Structures are given as structure tokens and as C-alpha cells.
Amino acid sequence: MEFITEQKVLNDLFGNEMTYIIPEYQRPYSWDCLGKSDKNNQVNVIWQDLIDFYESKNANIYFMGSMVVIGDGTKRAYEVVDGQQRLTTLTILFTAIKCFLNEIRVKKNIPLANQTEFLEFIKASTNNLDTLIFNEKRNGLYRKAEKKVKIMQTIGFDYDNVLKIVMECGDISSISLKDATEEQKEVTHRYFKNRLFFIEQLKQTFLKDGIFTNETAENLDGFFEFLRNKVTILQIRAPQFDIAYQIFEILNNRGLPLSNKDLFRNFLISEFHILKTLKPDKYAKLDPNKKWRDLDASYELNTEFVSRYVESTRGRSQQHSAFNDLQDIYKESFKHSLKEHKIHIFYKDIERNLSVYTQILQLDFSNKILKNKIAFLIHSGNLSNVLNVLLSLLRNESDETKIIDFLKIFEKNILYTLLGTAKRFSTKPFYEAIQALNEQKIEDAQKVFVLNAVELDELKNVLDMPIKDNEIGRIMLVKYYYSLESKLPKDVVAQHLEVENASLEHIIPQNPDVKTNWLTDFSNTFRKNYTYKLGNMTLLTQKMNSAARNFDFSKKRLVYDQTILTMTKEIAVLTLIDEDFIEKRHQKIIDALILELEL
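Basis of the calculations
Residues numbered from 1 in each chain as written. Predicted model: local features only at pLDDT ≥ 70, side-chain atom pairs only at ≥ 80, totals over all residues. Heavy atoms only, no water. Pairing = 2+ DSSP bridges. Helix = DSSP H or I, 4+ residues; strand = E, 2+ residues; numbered from the N terminus. Axes fitted to C-alpha atoms, helices over the stretch in contact; angles between N-to-C directions. Contact = heavy atoms within 4.5 Å. Parallel < 35°, antiparallel > 145°, perpendicular 65-115°, else oblique. Nonpolar A, V, L, I, M, F, W, Y, C, P; charged D, E, K, R; others polar. Buried < 20%, exposed > 50% of the residue type's maximum accessible area, 1.4 Å probe, protein only. Left-handed = near helix turned anticlockwise from the far one by under 90°. Expected span 1.5 Å × (residues − 1). Polar contact = N/O pair within 3.5 Å; in protein donor to acceptor, adjacent residues only side chain to side chain.

Visitor: A description of the sheet that holds strand β8 (residues 231-238) should follow, citing residues and the corresponding values.
Guide: Spatially, 6 strands are ordered β1-β8-β3-β4-β2-β7 in an open sheet, and the strand pairing comes out mixed. Single-partner strands in this sheet number two, and they are β1 (4-9) and β7 (149-151). For this sheet, the mean angle separating the axes of adjacent strands, direction not counted, is 35°. As judged from the 3 bridges shared by strand β2 (residues 19-22) and β7, these two strands associate in the parallel manner. Bridge pairing in β7 links Ile22 to Ile151. Lying over the sheet, helix α3 (residues 84-107) contacts β2, β3 (62-70), β4 (77-82), β7 and β8, oriented at roughly 120° with respect to β3.

Visitor: Quick one: what's the story with the packing of helix α6 (residues 182-206) against helix α7 (residues 214-229), residue by residue and with numbers?
Guide: The N-to-C vectors of α6 and α7 enclose an angle of 130°; their axes lie 10 Å apart at closest approach. Comparing the axis directions of α6 and α7 gives the class oblique. Residues Leu202, Thr205 and Phe206 of α6 form the contact with α7, whose participating residues are Thr216, Asn219, Leu220 and Phe223. A class-by-class count of the residues in the contact of α6 with α7 yields 4 nonpolar, 3 polar and no charged.

Visitor: Describe the pairing of β3, listing the residues and the values that go with them.
Guide: Most of β3 sits out of view: 8 of its 9 residues are buried. As paired strands, β3 and β8 are joined by 7 bridges and run parallel to one another. Looking at the pairing, Phe63 lines up with Thr232 of β8. Relative to β4, β3 is paired through 3 bridges, and the arrangement is antiparallel. Bridged to Val68 within β4 is Asp82.

Visitor: So what's going on with the packing of helix α5 (residues 159-167) against α6? Which residues, and what values?
Guide: Between α5 and α6, the shortest axis-to-axis distance is 10 Å and the interhelical angle comes to 20°. In terms of axis orientation, α5 runs roughly parallel to α6. Considering how the two elements wind past one another, α5 and α6 form a crossing that is right-handed. On α6, the residues touching Tyr159, Val162, Leu163, Ile165 and Val166 of α5 are Glu183, Gln184, Val187, Thr188, Tyr191, Phe192 and Arg195.

Visitor: Please provide a residue-by-residue account of helix α20 (residues 470-485), values included.
Guide: With 16 residues, α20 ought to run about 22 Å at 1.5 Å a step, and its terminal C-alpha atoms sit 22 Å apart, in line with that. Judged by how many residues are buried, α20 sits mostly within the fold: 13 of 16 residues are covered. You can read the cap of α20 off the contacts: a side-chain oxygen lies 2.9 Å from the backbone nitrogen of Glu471, and it is on Asp469.

Distances and angles like these do not, on their own, reveal function.
Pasting the structure below:
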């Protein structure tokens, strides 16, 4: 297989005459900034990682991942096989900086004393940004700016024109969406929303009381230099499609040859072997392989643990790979003691963290309230960030009362982010809380997640609102289940909710079949108001959910009767349901959640 790999800083990746063509077979631009979790909020996460790395004044490079392109290097135009989301998002970020500076220039929200100097700075910076997003084509005296990232014409919609208008700081109103499909409208708005998101973040970071000062200008200039010369992407160039696509499949489907766990294993065993070699008399009976096997056999030592250990220890996102960061922690934070070599001290710290990590994943808690709160949090859609916080919390605090008090505040914040209209998902508060927890300051960590009175009122109100996101609806019913389960007395038999197998079922179907009771027993107004409310939702396995379909209640209840889940089983015993039942069930769920959340 012939291909070339080269790690490039963004200044070279977007260098002179470089062109990246996104072919028609690629899916539309899909990265979002407005999601409610780390799963659909890639733009927010990228911004947070970049700005945190820059502000930490880290001397190392920031590795942003890889891209696979077709081209032999003789021409400076490449077809993008993998990496278009990242490439497009970086283009939008550069554009956002330009639009941000243009807005400052127009509004002149700069100090009066040296406006000329500032305007020259803005002009020079804007020109530099243009060299990263446009190529200048000359035809005699005529000059034309051509985009470095081009989207091949997709049948039915011109996303390339959308990107062009975004890159020119234009407005979405100049694009005709009259005949566009819902997906085309959504994708088009995504480009503009992501640009606006970046501009908002730039204003928060690089304006002081709304003014572009000497200090903030220098800071922005430093950030721009960081983006150009410290952020890198591994570019993998293949001469033809079949080779490029094979590389793409290997990277995405088979994974890299060694996982973080594999690398960690080799590192740990190697360090013990070195110790044994250096001091053979003292460590003659030391078995490095057994040291690893003891960890692997006793705990949930998966690849994910390495990342959670790194981020919960440092209180920030990974700077390189999780394994490289783990090595840095070992070098920087562990020293020899009079009695022990640092590898033994490190091993004990790993074992302590693994013990807590395993306890979390296995929900091994005797306190039912504690157990159910943690169970809910790890299923709330932000697993990596939640695990980071829980790992830091439980290894630094042993008082169950304090832990539960913290979790009450934490889960309200998580739910408000999921349901509220004003709050965006961000990794920043998670890391701020972890840093406080690592300093044994649990009260300071709590303050990070505390909602104010207005936010608490909004959370209480949105519980009563329609929820059209099935995953969020499912999470809310999981929370309802745990609120009920916590109040059940101990018995010889306990019910366990397998959240991963639970799917959301709408009792009144979203699209009822004709000649069913849903159309005769429930008014159009009622169905419009209640179809997406919690009172009309329950949980079933995916198989049962498919079996229930949009059938009449008489058929649905037979499917519901097959489950032992109380919230669904209690519907199956009814011979009929009406509007009054759904209303009362909805209020019952809301009341239980309000009581559970102490709203």
C-alpha cells in the first residue's frame, strides 16, 4: 500500500494554493455547536479544547487528529476521503475570526486614542486570515479569491455556495431555501450557527467590557499564531481512491494497532522490568506480568479508563493521546520515596483509581440513593465528562452525605443543560469542578454546578413541556424510574433497569393508524399537546417497541403486558385509557421528578 503521512501545522495545511475538494459521495456537514451533550456538540468541544490549550501556555503542539486525502503531492489539490468535518469547521473558525474583526472595524469599538493603529492591525490580521481560507487567482490584472475548501455540487442543493457566503461573512438571508428539504435547511443553518457560535466565543474571550483593547488584541494575535503554528493534523496522502478508502476503513473500523490499554500495559510491565534489572537482589521475586494481570483481572481495566484517569487527574482535556498524557503524569507527578520506587507509588494510585472506576461502572454501592443517582448520571448522555467528575469525587471524598449533596446539585445541572433553553453544553465546568475536587474543595466544586433561582424555575417548568428528542425523553423516564426505585423497601427480589436495552415508547403514537382508538378517543388538540409529554411516554425493549407500533390500545396493551417494568405494566392492566388518564399520569411523573430533584 503506497501512501505518505505528514504532520502539518494549519499554516501549511491551508498553505498557498492548497485546495481541498469534498466529493459528492461525502455526507453533508454534520458537526454541531448546539447539542446537549458531548455526542452532538463537536464544535463546542473543539473550541473549548483549543482555547484551554492556548491559555494553558503549553509548549507542546496540539494534535487535532488525522485526515485522508487523494493526491500524489505534485498538484496542490486533494480530494478529501476523511476529515471534511474537521476541515470545514477550521475554515469556519478562521472565517469567524475575520468576521469578528470586521465587526470591530465597522463598529469601531476600539480605544479612541489609537484607532489608526488598531485599524491597521485589523486589516493585517484579516489579510492573513484570507490567505488561510482563500487562494488568490490572477488573470492579468484581474484577481479572484477562490475557496480552499470546495464542496462538489450535490444534486438538488448547492452547499458550496452556502460555504462561500459563510466565508464572506454573508447572511443566510441571501440563500433561497424555498425549495430546500428539511435536511438541506438544517445543514445550511448549521454552517451559519457554527460561525455565530465561534464569533460569540471570540467576543467573550477577546473583548473587555465590549472593547477591543491592546491587551485583548495581543491575546487574539497570540491565539491566531497558536492556531497557525501549534495546531497540527496528520495528513495521509494516497495516490488513488481504493488505497485512500482502505486507509480510512482501517482507521475507523479496525482501530489503530495498539489501544491506550495495550500501550499502558507495555509501559507498566516495562517499568517493572527496568526496576527488577536495576535492583535484582531486592526485587528478585517481582513478576512484572503478574502485576498487570492482577489489575486486569480484578478491575474494569478497559481502554476508556486511561482517558478517564488522565482527565480526572489533570482536570483538563487530553493534550496529546491519553497514553502520552499518562506518561507525562508519571514523569511529572510521581517521585521516589525513601521506601518505594515511584513505579510502585504510581501502581498504587492506578489501583486506587481503578477500584473507584470499577465501583462506578458496576454500581457497587450499598446506599440506594447514592447508587441510583450515579446510575442516572452515567446514563445521562455525557458519559466521559460524568465519569471524570465521579472518579475525582469518589476518590477524594468518603463522606456519603457530602457525596449525595454534591450529586443532587450535579444532576440538576445536567438536566438543565439537557432540557433548558438557555444553557449550552460545555466541558469547562466539568474540569473546573474536577480541579476543585482534586484540591479537596468539594464546596467549591459544588458552586460550579449550582443553578440560580431563575434556572431552577425554568428546570421545573420545562419538565412539563413537550420533549421531541427521544433520547432526552428516555433519560427523563430513567430518572423517574430511579426516583420510584429509591423509595421501595428492601426485599429479597430487586428489579434492575437495563437502561441500554430500554427504548422510548409513545403510548399515543406519533402517527396513529387510521381507525384506531387514538383518533376517536383523543381530540386533535389533546394529541398535539400531549404526544410528546412525559405522561405519554414509557419504556420498552426495542423488540417490544417495534411490536407495539401504531396499533390500537387493545393491541398495544398485550405488548405492554409482556414486560415486568412497573411503569409500563401498570398501563397493561387497563382495558382502556383516555385523556384524563394521560393527564393524571403526566402530573404524577412531573410531581415525582420535582420531589426527587427538590425543585
